[in-house]
Amino acid sequence: KTAAAAAVSAPLRGFGKSAGAKRPKVYFTSDISPEGLLAAYRALGFSAKGKVGVKIHSGEPGGHNFLQPDFIKPVVDYLHGTLVECNTAYEGRRNTTEKHLKAIEEHGFTKIAPVDIMDSEGELEIPDGLQIKKNFVGSHLKNYDSLVVLSHFKGHQMGGFGGALKNISIGIASSHGKAYIHGAGDPSRLWDCEQNKFLESMADACKSIVEYRKGAIAYVNVMKNLSIDCDCNNHPAAPEMADIGILASLDPVALDSACVDLIYASKDKGKASLIKRMESLNAVHILESAEKLGVGARKYALVDLGGKALNPKEIA
């Protein structure tokens, strides 16, 4: 195993059937269905109070791997939630509110719940961390008392992988805020920022969101259609490995760490391209940085919905 691979899969040493009770729990189900998604969320025992925003990825038109409306509908109905998104920083069909809303309608999201483009009326500046001292998010974020973050876990052409951490950093940032994070504080360096600085900036943004709504965010990752590319890609590479399952946690670092571990633990040879994507972009660094900032913990207790302690190698 390469040094990078060892670094990314290091959390495998930190959990298991004897994992400490203080470690954040990550719930797992192999039932990749709307019912399985709802069960995973409910296992958290999370109380979504007040006005609930359900953070999704609306999917760049042309792509097809994003979580479909019918798939997330039971959770959204259960929460009586509003689907929330923000505009992109790159050219495409989601970089203005008008185009984005049209894409969201075409993808069928408006049929299941109200939709709010949170930066449609500007942005809100909130404090940040190490690389960036402020984070610019959709101004409507202030209207939501609780957030439930539904993420499609997959590869990513800039971050290495995309899961809960990407969905609350880049995902909740305004269009300008996305460029600000990508450029580690310099939006003009959107496409050529030093990689580790970009990953650290994403971790900073995660910290600001978690602290802004402390104790009022729950996270669910769906490990299906495991392409090396993000749902922001309008022509993503076809998945090369089989679907794995659905995971949920109140800790986004633990959640994404568990998903990475499951990729490495898989016996599916198709995992090679996704691992290569993660390692080539030093994806583990967002986990390291977010843990350092206190966003969450890389060591976790993995349990199935029935309460049995698991090991990623058992799931594989």
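First, a word on scope: everything that follows refers to the structure included in this document.

About the thresholds
Residues numbered from 1 in each chain as written. Predicted model: local features only at pLDDT ≥ 70, side-chain atom pairs only at ≥ 80, totals over all residues. Heavy atoms only, no water. Core = buried A, V, L, I, M, F, W, Y, C linked by side-chain atoms within 4.5 Å. Buried < 20%, exposed > 50% of the residue type's maximum accessible area, 1.4 Å probe, protein only. Contact = heavy atoms within 4.5 Å. Helix = DSSP H or I, 4+ residues; strand = E, 2+ residues; numbered from the N terminus. Pairing = 2+ DSSP bridges. Polar contact = N/O pair within 3.5 Å; in protein donor to acceptor, adjacent residues only side chain to side chain. Salt bridge = Lys/Arg side-chain N within 4 Å of Asp/Glu carboxyl O.

Another point: the nonpolar core. Membership of the largest hydrophobic core comes to 63 residues, with the highest contact counts inside it found for Met223, Leu247 and Ile263. Aside from chain neighbours lying at most four places away, what touches isoleucine 263 is Phe153, Met223, Leu226, Met241, Ile244, Lys271, Leu274, Ile275 and Met278. In this structure, Leu44, Phe71, Val148 and Leu150 belong to the second largest nonpolar core, which totals 31 residues.

Counting buried residues in strand S10 (residues 217–223) gives seven out of seven residues, a clear majority hidden from the surface. Alternating positions in S10 separate into two faces, Ile217, Tyr219, Asn221 and Met223 on one and Ala218, Val220 and Val222 on the other, with burial throughout. The sheet contact formed by strand S7 (residues 146–152) and S10 spans six bridges and is parallel. Its bridge partner being in S10, leucine 147 is matched across the sheet by isoleucine 217. Alignment of S10 against strand S11 (residues 245–249), held across five bridges, turns out to be antiparallel. Opposite tyrosine 219, over in S11, you have serine 249 as the bridge partner.

The topology assignment puts tyrosine 144 in the loop between strand S6 (134–138) and S7. Expressed as a C-alpha distance, the spacing of tyrosine 144 and histidine 235, which sit 91 residues apart in the sequence, is 33 Å. Ignoring sequence-local partners within four residues, the contact set of tyrosine 144 consists of Lys51, Val52, Gly53, Thr82, Val84, Asp116, Met118 and Arg213. A polar atom in the side chain of tyrosine 144 sits 2.6 Å from the side chain of aspartate 116.

When the charged atoms of two side chains with opposite charge come close together, those side chains can pair. Taken as a whole and judged by the stated rule, the model has seven salt bridges. Between lysine 55 and glutamate 85 there is a salt bridge, with the nearest N and O atoms lying 3.2 Å from each other. Taken together, the positions of lysine 55 in strand S2 (residues 52–55) and glutamate 85 in strand S3 (residues 82–85) put the pair 30 residues apart, joining distant regions of the chain. Classification of lysine 55 as buried rests on a relative accessible area of 2%. Classification of glutamate 85 as buried rests on a relative accessible area of 3%. Put simply, glutamate 60 and arginine 94 hold a salt bridge, and the shortest N to O gap is 2.9 Å.

In this section: unusual backbone geometry. A positive phi is found at histidine 80, a non-glycine position, where the angle reads about 50°. Among the secondary structure elements, histidine 80 is positioned in the loop between helix H3 (69–79) and S3. Looking at histidine 80, the relative accessible area reads 71%, which means it is exposed. You will see that asparagine 225, though not glycine, has its phi angle at about 45°, which is positive. For asparagine 225, the position within the fold is in the loop between S10 and S11.

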